[in-house]
Amino acid sequence: MQVIRKWNLAGAVFTLLAGPLLHFVYDWFGGVAAVFGAVNESTWEHLKLLFWPMFFFGVLEYLTYGRKTPGFLPLRVLSILVGMLTTTAFFYTYTGVLGYNFLAADIGVFIAGVVAAYLFSYRRLQSPGPWAGSALAGPFALLTAGTLAACFILFTYCPPHIGLFLDPVTGNYGLPSS
């Protein structure tokens, strides 16, 4: 259990540091960096800041201790979803109440999403339950993670025209116009 605590703490710190850097990676490098970094100020683009660091750190975890940890894959993917849902719910709740957003609260929402994700992961990995070890849990987790990654790639270039993908600053969807 000590291993799980150390890795989840390290993952949370990594995500809290890497996520904000990904906010600027598209501005710095352009091109394929659009897949990993926010290309605009939409809620969807900001979910990349949590998804990609957790995804890549989860791969590292899987290679080091996750293969031997019951339910690791489904619980890691589920924890990513918990973080994304927490971030989205907190953001829309506070902006719905106030009618606007501001940077300090947005940072707090990101932190809350990361903490919720890794706290969920830490607690559930200690006692995964029988469903996590089922024959379908691992493949379903991989399919879910792959689908999310594909959506982040696809919707970077072809976002649906719904509020989740709307840049509130420019009023545009997707990549900024050149």
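Description of the structure in this document. (Residues numbered from 1 in each chain as written. Predicted model: local features only at pLDDT ≥ 70, side-chain atom pairs only at ≥ 80, totals over all residues. Heavy atoms only, no water.)

### Some details on the overall build of the protein chain
Rule in force here: What counts as a helix is a DSSP run of H or I of at least four residues, what counts as a strand is a run of E of at least two, and both are numbered from the N terminus. Burial classes follow relative accessibility: with a 1.4 Å probe on protein chains only, a residue under 20% of its type's maximum area counts as buried, one over 50% as exposed, and anything between as partly exposed. Reported accessibility uses the Shrake-Rupley method at a 1.4 Å probe radius. Residues are deemed covered only where the shown protein chains occlude them. Positive: Lys, Arg. Negative: Asp, Glu. His and the chain ends are not part of the count. Charged side chains are reduced to one point each, which is NZ for Lys, CZ for Arg, CG for Asp and CD for Glu.
From N to C terminus, the protein chain includes five helices and zero strands. Beginning at the N terminus, the succession of helices and strands in the protein chain can be written as α-α-α-α-α. Over its C-alpha atoms, taken along the principal directions, the protein chain stretches across nearly 50 × 30 × 25 Å. Taking all 178 residues of the protein chain together, 44% fall into the buried category. Summing over all exposed atoms, the protein chain offers an accessible surface of approximately 9400 Å²; the carbon and sulfur share of this is 74%. Across the protein chain, the mean location of the 8 positive side-chain charges is 25 Å away from that of the 6 negative side-chain charges.

### So, the environment of L119
Relative to the assigned elements, L119 resides in helix α4 (residues 103-126). Exposure remark for L119: the relative accessible area of 39% places this residue in the partly exposed category. As for L119 and A10, which are separated by 109 residues in sequence, their C-alpha atoms are 12 Å apart.

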